[in-house]
Each structure stands twice: as C-alpha cells, then as structure tokens.
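Letter by letter, the chains look like this.
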Amino acid sequence: MPAAPPGGRLLLAAVLLTALNLRAAIAAVGPVLAEVRADLGLSAAAAGLLTTLPVLCFAVLAPACAALGRRAGPGAAVLGSLVLLALAQGLRVLDGSPVLLAGTFLAGAAMTVGNVLLPAVVKGFGPRAGTVTGLYTAALVAGAAAGAAFTAPLAAVLGWRGALAAEGVLALVAAGVWAAAARGAVTTGPAPAAAVSDGSLWRSPVAWAVTAVQALHSTLYFSLTAWLPTLLADRAGTDAATGSVAASVYQVLGIAGSLLVPAVLARRCGQAGLALGVAALWAVPVAGLLVAPGAWPAWAAVGGLAQGAGIAFAVTLVVLRAADGAAAARLSGMSQLVGYGVGALGPVAVGALSEATGGWTVPLLLLLALGLGLAAAGTSAARPVEVR
C-alpha cells in the first residue's frame, strides 16, 4: 500500500468511524442487561454469552478474517463487515434469546473483520501510521465508552430493543463514508501477496513477542473490566454505585491513554522505553489495589490510562513490525487469535482464584506478574525487526 493513500482524509474518517463501531455493540449490552434478562428470561450463563461471544469471535475468527482480506482486499472486506454489523444489530432484537445470541455472534464476526484488517489499512498511511494508530485506538475506546453511556438513556425512550438496534445506525454511516473513500483508494483491491507464508509467521520470534503483548494486555484489561466493581466492594467496602463510577472512570480515561502512545512515539523515544512505560502503568493500579484499595479513584484513573495505552501499543506494534499491508493483516490475525483467546480466559481464572483463596490477594499478585511479563514481551517486540 502506498505511503499516502488516495483520498487520505476521507479514508482517515472512514477508519475512525469504523473504529467507533468495533466495541460499541459489546459495551451497549451491560447497561440494559437486567431488562433483557427480565424480558427474555435469560439465564446467567446466556446473559454472559452476550459479552463473551464477540470476544470469542475476535479470537477464533481472526485467521479467517485475515484470509478474507487477502482474497477480497481489506477495503471491500471492511465495507461488507460494516453492513453485516448494522444488520446484525437490528436482527438480534427481533425475537427471543436464540435470535439475540445469533445476532450477537454475527456482530462479533463483523467486528472481528475490522479488528484484523484496519491495521493493514493504517499501514498504508506510511510515516503517519503511528499518529493514525493513536487516533484509531482512541476512537475504539471512545466507541465503547459511548456505547456504555448512551444505551441506558436511549432505552428509557425506545426500550432496550430500540436502543440496541440504534447502535447499527453508526455502522451504516461508517459504511457510507468507507464506500466513498474506497472508490479512489487501493485498499479496495486485492491485498498484495505476502513475502512469507503463515507458517513462517508462526515461527517468527518477533511475531510471537507482538502476540504476547496482545495476550497479556487483553488478560489484564478483561480481568479488571469484569472484576473491578466486585473487587472494590470486597476490599474497599464500596457500594454498587461507587463500583459503577470506578468502572466508568476506567473506561473513559482509556481514550486519553490511547493518545499517549503516538505522543511518545512522536518524540522519537525508543519503543522499548514505551513498552516499560505501558507495563508500569498497568503495575501501578494493580499494586495500588493490593496495598491501598481505599485510594480507588487514583487506581481507576491510572488503570484507564493503562488500558488505553496498552491497546494502542499492541496495535502500533502490529503496524510497525509488519513490512507491508498483507503482513500487517496476517500478524494482526495471529496476535488476535492468541491474544483474545487468552484474554477471554483472564476473568475466569481471576474469579476462580478469588473463590479458591477466599480473597483478592492471589489474583492481584497474578495480575502484577502479568504486568511484569508485559514489560518483557514489549521490550522484545520493540526490536526494529520487520515481519515480511
């Protein structure tokens, strides 16, 4: 892909609008989950699938989405996924729980296409790729925050079905802008042939280091997302409203955290130093919750910066380590297959450890160890080696 893609501004707008859609459908469920369960009679397990299914899609379908990008071209694949996402969000509210789960699966599959292929598109911005990555990840986090914030007010007016279906409007807007941008951009054509096979990629130490960063960050992020309110209630004696505030701070400050990475890279600081900084951002709130849970506002704020910076760093590594757009798509598929697969197990492992040990000390020590592992993996992935 060229260093300055045709229709750069329009393409940038399409990338950012697409990113806004890649988490919103997941985040929108939480605020209306009680209403959904009451209306449809969902069990706790079925309710959990509404947020778990998309994450499982991110992992299991990542290689297939990378292959789709190679066959159809990333532009055409992302455009089709946005249309599917809009349809899925409308479909999932039309009937009972089987339709809801089927629509959620289709939405997860559609979002996976964007997760995997947008780094390949961002690679085409050449010298601006680092800045575009920061904006893209900020939009990703902002979409999740907006989905969580606006769904409840919409549900008060439209009901939970109307509120969830309304999320699809933004996907249609993104599809329209993407279609306009794609008319003059090479991203709609077939992706160039990769210089190595997928098998070579899976044997690359650098590719595995990038993948480890995604896996460790995802585990930390999903674990705190799932358990922060409960952890604060147990260790700091907070109530449900306070736990909700802490979770909101944690999510919203991710937007600021995602902008830290391009700002640091713009100063030409080493990527190894950035890796250590991101790991430190994760270590501070985990250690704080361990020794001083009463200071939770500080830990929620720093945790928000950590989760935003972590996802920006993980995506930036894919862009920087890949030699071209095709390699970026393959490396993105590999890192998300393993990363989200491991990350989805994080909340389960943390919850099981808490139950087995009767507290949160051991789970927090585990998360602290994962933060140290993130420092090691990030430092290794920061080596200036390209995956070809």
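Residues numbered from 1 in each chain as written. Predicted model: local features only at pLDDT ≥ 70, side-chain atom pairs only at ≥ 80, totals over all residues. Heavy atoms only, no water.

1. Things to note about the overall build of the protein
Put simply, the rule is: A run of H or I in DSSP becomes a helix once it reaches four residues, and a run of E becomes a strand once it reaches two; helices and strands are each numbered from the N terminus. Two things to know: the radius of gyration comes from C-alpha atoms, and the globule rule equals 2.2 Å times the number of residues to the power 0.38. Relative accessibility under 20% of the residue-type maximum defines a buried residue, over 50% an exposed one, and the middle range a partly exposed one, all with a 1.4 Å probe and only protein chains included.
Secondary structure summary: the protein contains 14 helices and 0 strands in total. When its helices and strands are written in sequence order, the protein yields α-α-α-α-α-α-α-α-α-α-α-α-α-α. Whereas a compact globule of 388 residues would reach a radius of gyration of roughly 21 Å, the protein reaches 20 Å, a difference of no more than 12%. Each principal axis of the C-alpha atoms in the protein carries an extent, and together these give about 55 × 50 × 35 Å. When burial is assessed residue by residue, the protein has 51% of its 388 residues classed as buried.

2. Some thoughts on a nonpolar patch on the surface
Applied cut-off: Patch definition: residues with relative accessible area over 30% and no salt bridge; like charges joined within 9 Å; nonpolar side chains (Val, Leu, Ile, Met, Phe, Trp, Tyr) joined within 5 Å. Surface accessibility in these figures is a Shrake-Rupley result with a 1.4 Å probe; residues are shielded only by whichever protein chains are displayed. Think of a salt bridge as a Lys or Arg side-chain nitrogen and an Asp or Glu carboxyl oxygen that are within 4 Å of each other.
Together, L84, L91, L94, F105 and L106 line one region of the surface with nonpolar side chains, adding up to about 410 Å² of accessible area. Counting residues per element, the ones that place at least two in the nonpolar patch are α5 (74-91) and α6 (97-123). Position of F105 among the secondary structure elements: in helix α6. Judged by its relative accessible area of 38%, F105 is partly exposed.

3. Let's talk about the packing of helix α11 (residues 271-291) against helix α12 (residues 296-321)
Helix packing geometry: the angle between the two helix axes and the distance between the axes. Heads up, the condition is: Comment: axis = line fitted to C-alpha atoms, over the contacting stretch for helices; angle = value between 0 and 180 degrees taken between N-to-C directions. Comment on the angle field: the value is read as roughly parallel under 35 degrees, roughly antiparallel over 145, roughly perpendicular from 65 to 115, and oblique elsewhere. With the far helix as reference, a near helix turned anticlockwise by less than a right angle produces a left-handed crossing, and one turned clockwise produces a right-handed crossing. In this description, contact between two residues means that some pair of their heavy atoms is separated by no more than 4.5 Å. Residues are grouped as follows: nonpolar covers Ala, Val, Leu, Ile, Met, Phe, Trp, Tyr, Cys and Pro; charged covers Asp, Glu, Lys and Arg; every other residue, Gly included, is treated as polar.
At a minimum axis separation of 9 Å, α11 and α12 run at an interaxial angle of 150 degrees. One element, α11, and the other, α12, form an angle in the roughly antiparallel class. In this structure, α11 crosses over α12, and the sense of that crossing is left-handed. Residues Q271, L274, A275, V278, L281, W282, V284, P285, G288 and L289 of α11 form the contact with α12, whose own contacting residues are W299, V302, G303, L305, A306, Q307, A309, G310, F313, L317, L320 and R321. Grouping the constituent residues of the contact of α11 with α12 by class yields 16 nonpolar, 5 polar and 1 charged.

4. A closer look at the nonpolar core
For clarity, the cut-off: For the purposes of this section, nonpolar cores are sets of buried Ala, Val, Leu, Ile, Met, Phe, Trp, Tyr and Cys residues that join through side-chain atoms within 4.5 Å. The split into domains, and so the bounds of each, comes from an automatic or database assignment of domains.
With 99 residues, the main nonpolar core has W178 and W282 as its most contacted residues. Lining this core are residues from two domains, each supplying at least three of them: domain 1 (6-184) and domain 2 (199-382). Those residues within four positions of W282 in sequence are excluded, and the remaining contacts are H217, L220, Y221, L224, Y250, G303, A306, Q307 and L374. If you look at the next biggest cluster of nonpolar residues, it comprises 14 residues, including L42, L50, V93 and A163.

5. A closer look at the environment of V36
Relative to the helices and strands, V36 is located in helix α2 (residues 33-40). Exposure remark for V36: the relative accessible area of 2% places this residue in the buried category. Placed 60 residues apart in sequence, V36 and G96 show a C-alpha to C-alpha distance of 9.9 Å.

6. Thoughts on the packing of aromatic side chains
Formally: Side-chain rings of Phe, Tyr and Trp, where Trp is taken by its six-membered ring, are said to pair if the distance between their centres is within 6.5 Å; with planes under 30 degrees apart they count as stacked, over 60 as edge-to-face, and otherwise as tilted.
On inspection of all chains with the given rule, the structure shows 6 aromatic pairs. A ring pair is formed by W227 and W360, whose centres lie 5.6 Å apart and whose planes are at 55 degrees; its orientation type is tilted. Linking W227 in helix α9 (residues 205-236) with W360 in the loop between α13 (325-357) and α14 (361-381), this pair joins segments that are 133 residues apart in sequence. Looking at W227, the relative accessible area reads 26%, which means it is partly exposed. Taking the relative accessible area as the measure of exposure, W360 reaches 6% and is therefore buried.

7. A short note on the confidence of the model for the protein
Filter applied, for reference: The pLDDT value expresses, per residue, how confident the predictor is, ranging between 0 and 100.
Across the protein, pLDDT averages 85, with 93% of residues at or above 70. Mean pLDDT in the protein bottoms out at helix α8 (residues 198-202), which sits at 68, and peaks at α14, which reaches 95. Confidence drops under pLDDT 50 across residues 186-198; counting only partners more than four residues distant or on other chains, this segment forms 32 contacts.

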